[in-house]
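Listed below are the residues making up each chain.
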Amino acid sequence: MNDPSVLVQLDGDRRNYQPGDVLSGAFRLDSLGGREAASVEVSVLWYTEGKGDEDKGVHHREVLNPEEGQLNLAAWRPFHVVLPRSPLSYDGFLLKVRWCVRVRATITGWSDRVAEAPFRLGDVGPVAETAP
Amino acid sequence: MTEPISPVLKIVEESSGEVHYILPSRPPQLGRYLIGFGILAPIALIAFAFLGVPFRDDAQLAFVSTPLVLFGLFIAGLGLWFAAGHVEVEIRHGTLRSVSCLGPLRWSRSFPLRSVSGFLINDLAGKAGRAATAKTYKLPVDMATLQACVEGGKPMVLALMYPRDLLQRLADELSRRRELLDAEQPCLENREALTERKTVQEATRQPDKAAEPAPPEQSADGLPTVPTVDLSAKPGTTLRHRLASVGEHPGCALTCVVIFALVWCGFVSFWGYGLVQAHLQNWRNAPALAQGWLWFQTIFFLPFILGGVMLVAHVLRNVYVTLGHRRTRVEVSAQPLHPGEEFEVFVSQSGPLRVKDLRVLFVCQEEASYGAGTDRRTETRRVEELEVARAEAFAIARGVPYEIKRTVRVPVRAMHSFEVEHNKVRWLVVVAGEVVGWPKFEHSFLVVVHPEPGAIVSTTRAPALVGEGGVHE
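Residues numbered from 1 in each chain as written. Chains lettered and ligands numbered in written order. Predicted model: local features only at pLDDT ≥ 70, side-chain atom pairs only at ≥ 80, totals over all residues. Heavy atoms only, no water.

Enquirer: Looking at this structure, how should I read the overall build of chain B?
Expert: Check the secondary structure of chain B and you find 7 helices and 18 strands. Expressed as a percentage of its 473 residues, the buried residues of chain B come to 42%. A fraction of 66% describes how many contacts in chain B between residues 6 or more apart in sequence connect residues 24 or more apart. (Helix = DSSP H or I, 4+ residues; strand = E, 2+ residues; numbered from the N terminus. Buried < 20%, exposed > 50% of the residue type's maximum accessible area, 1.4 Å probe, protein only. Contact = heavy atoms within 4.5 Å.)

Below, the structure written as structure tokens:
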């Protein structure tokens, strides 16, 4: 029997968005094999990478508790989020700003299962180092 | 009282949910060594000084001995705290508190338990660590420090100089308590969840009184992580906005350096005067031991003179930075700016100055800060540098400032200003110059660049070239 997993995809496999665009996609849990998901959390968030310590911010978060409703998590479940004006995705020398959709499922008897769908927000150009 | 997790660690659990962890007194040897050193070292030093230098009066003796006595008292007090004091750690209403106790004296620090991302146990390093491992000192070899890693801040010391095994048990217990606290809110069990929870809480309640990591700054116009324009800043005289300089407090720096230099030089002068007197008056007739001690003191004294010279040089440099550069004023026609937008920048450099080279730059600078042990370091890197103006070999007369106005264009696909706790992207107007006979100087002035307004743009638009910013006279 396969381990349970989370699948997440963005509509049209799109990877570039502009501020104010609607980010849409869907997720589902796979190979649950009769196990129950205690909760599923869908987040649209940004985080920094690079030399500095990580900063992170959550633009949208939605928590689903299957016990509270009749949810079929094995079926694709859509989500829609209007994206903010900032921070825009950025590829710098010391820091990078990344965006992603992250789905985290807490499954009884297993460690958390996480899946991410990265995307770019905005159209900031690459940088060129000019001076130390 | 609940079952102890260690024979020497007491846990007191109140019905209200409060928990107190009472650590025992530390092994007494270290405290005894410190007390002994704190008492004996000043006595020995004063005695040697008394033998070597014939003090002319009691005031001279008091001047030399007072700092030594204060130093000794500090060390002895530290030793007393180690030998007789103990530490208590409390969890109360979701707050973690570390209390250092010495008899009736209590010194505490506290922070929210939820802001703690983990616990660290650091073994003693350096001289103290090597001393602890030496059997001759009869110190426990496994002494360590327990620290709490606080989100967005430096690690906080909870318990200092205790056996590692005891601290490990305490750390495990505190971690368990923290997880219990987290379990009260499902789906939030790690650092990411903590950040997310803070974001949710930010909108629903006032922050706790205890210090929490600062949430990402949000401007009033719905631009998370983008700094706001300081509307309280002074208006410009030529253009609309006068810019504030970044990271410069020369007056404070000058005051501190001058005070320190005065104290240092006063001490060195007094000491030097005593040595010179001793050399002039008594050294030929003094016994050989006293003469040797006098020369030893003289050689020992030389680095202090060198330190004084360096301090004076530092004071002069600070005086120059504070007063010698004259005033630099930068104004811009618009704030906030946007990618692709043109704006005017006005620079006024006061004199008198004989300038070898003066450059005005429009700069995008990245800043990243990171923890390295208990230190925090910040690294900066310029990723965009546009020369706005440059002038060479000219003089600025008193009362006739050098003024220049240019039109600058923000690069089309530029990153907006971005400020979060550990990472920043800043746009600056930089005035850098070289003055005849003095070191280079550089003043930075902060401008705010927002993302494109409106900002719902077709994703199929043709990408523009990078660095399309420009300057026009």
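Enquirer: Explain the overall build of chain A to me, please; I cannot follow it from the model alone.
Expert: When helices and strands are tallied, chain A shows 0 helices and 9 strands. Overall, chain A shows an N-to-C arrangement of helices and strands of β-β-β-β-β-β-β-β-β. Here chain A, with 132 residues, has 50% of them falling under the buried criterion. Looking at chain A alone, contacts between residues at least 24 apart form 65% of all its contacts between residues at least 6 apart. Here chain A displays about 5,800 Å² of accessible surface, and carbon together with sulfur accounts for 46% of that area. (Areas by Shrake-Rupley, 256 points an atom, 1.4 Å probe, with all protein chains shown as cover.)

Enquirer: Where do I start with the pairing of strand β2 (residues 19–22) of chain B in this structure?
Expert: Regular strands place side chains that alternate from one sheet face to the opposite one. Residues and elements named next belong to chain B. Sheet topology places strand β1 (residues 10–13) next to β2; 4 bridges connect them, and they run antiparallel. The partner of Ile11 across the bridge, within β2, is Tyr21. In terms of strand pairing, β2 meets strand β3 (residues 86–92) through 4 bridges, oriented antiparallel. Paired with Tyr21 across the strands is Val89, a residue of β3. (Pairing = 2+ DSSP bridges.)

Enquirer: Explain the pattern of salt bridges here, please?
Expert: Note on pairing: side chains with opposite charge can pair once their charged atoms come close. Throughout the structure, instances matching the rule amount to 26 salt bridges over all chains. When the shortest N-O distance is used, the salt bridge between Arg376 of chain B and Asp53 of chain A registers 2.8 Å. Residue Arg376 of chain B is found in strand β13 (residues 375–396), and its partner Asp53 of chain A is found in the loop between β4 (37–50) and β5 (56–64); the two belong to separate chains. Look at the salt bridges and you will find they share partners, linking Asp357, Arg359, Arg382, Glu385, Glu387, Arg390, Glu392 and Glu442 of chain B into a network. (Salt bridge = Lys/Arg side-chain N within 4 Å of Asp/Glu carboxyl O.)

Enquirer: In this structure, what is going on with a nonpolar patch on the surface? I would like to understand it.
Expert: The grouping of Ile39, Leu40 and Ile43 of chain B at the surface amounts to a nonpolar patch, some 310 Å² of accessible area in total. Among the secondary structure elements, Ile39 of chain B is positioned in helix α1 (residues 28–52). (Patch = residues over 30% accessible without salt bridge, like charges linked within 9 Å, V, L, I, M, F, W, Y side chains within 5 Å.)

Enquirer: Looking at this model, I keep getting lost on the sheet that holds strand β7 (residues 143–150) of chain B. Mind explaining?
Expert: Across a sheet, paired strands are connected by hydrogen bonds in the backbone, their directions being either parallel or antiparallel. Residues and elements named next belong to chain B. The 3 strands are arranged β6-β7-β8 in an open sheet whose pairing can be described as antiparallel. Two strands lie at the open edges of the sheet, namely β6 (116–123) and β8 (156–163), each paired on one side alone. The sheet shows a mean angle of 20° between the axes of neighbouring strands, direction not considered. Of the pairings in the sheet, the one linking β7 to β8 comprises 5 bridges and is antiparallel in character. Following the sheet pairing, Ala144 is matched in β8 by Tyr162. (Axes fitted to C-alpha atoms, helices over the stretch in contact; angles between N-to-C directions.)

Enquirer: Sorry if this is basic, but what is going on with the sheet that holds strand β3 (residues 22–30) of chain A here?
Expert: Residues and elements named next belong to chain A. The strand order across the open sheet built from 3 strands is β1-β3-β6, with neighbouring strands paired in antiparallel fashion. The two strands at the open ends of the sheet, each matched to only one other strand, are β1 (5–10) and β6 (77–82). Ignoring strand direction, the axes of neighbouring strands in this sheet form an average angle of 25°. Looking at chain direction, β1 and β3 are connected through 6 bridges and run antiparallel. Its bridge partner lying in β3, Leu10 is registered against Gly25.

Enquirer: Explain the nonpolar core here, please?
Expert: Across soluble globular proteins, nonpolar side chains have a tendency to be buried as a group. Within the largest apolar cluster, 70 residues are counted, with the highest numbers of intra-cluster contacts made by Val101 and Phe119 of chain A together with Phe362 of chain B. In this structure, Phe362 of chain B is in contact with Phe343, Glu384, Glu385, Leu386, Val388, Val408, Val410, Pro411, Trp427, Leu428, Val429 and Val447 of chain B, ignoring residues within four places of it in sequence. In terms of nonpolar packing, the next biggest core, distinct from the first, is built from 26 residues, Leu9, Ile91, Ile121 and Tyr162 of chain B among them. (Core = buried A, V, L, I, M, F, W, Y, C linked by side-chain atoms within 4.5 Å.)

Enquirer: Where do I start with unusual backbone geometry in this structure?
Expert: Note on backbone geometry: most residues besides glycine have negative phi, and most peptide bonds are trans. With an omega dihedral of -5°, the bond running from Ser86 of chain A to Pro87 of chain A counts as a cis peptide bond. The topology assignment puts Pro87 of chain A in the loop between β6 and β7 (90–91). A cis amide bond links Gln335 of chain B with the next residue in sequence, Pro336 of chain B, at an omega value of -5°. On the secondary structure map, Pro336 of chain B appears in the loop between β10 (328–332) and β11 (342–349).

Enquirer: Could you clarify how one ought to interpret the packing of aromatic side chains in this entry?
Expert: Within a pair of aromatic rings, the relevant descriptors are the distance that separates the centres and the angle that separates the planes. Residues and elements named next belong to chain B. Applying the stated criterion across every chain, the model contains 15 aromatic pairs over all chains. Ring geometry for Trp81 against Phe82: centres 5.2 Å apart, planes inclined by 40°, an arrangement best described as tilted. By relative accessible area, which is 21% here, Trp81 ends up partly exposed. Lying over the aromatic face of Trp81, Arg26 brings its terminal NZ or CZ to 4.8 Å of the ring centre. (Phe/Tyr/Trp six-rings, centres within 6.5 Å; stacked < 30°, edge-to-face > 60°. Lys NZ or Arg CZ within 6 Å of the ring centre and 35° of its normal.)

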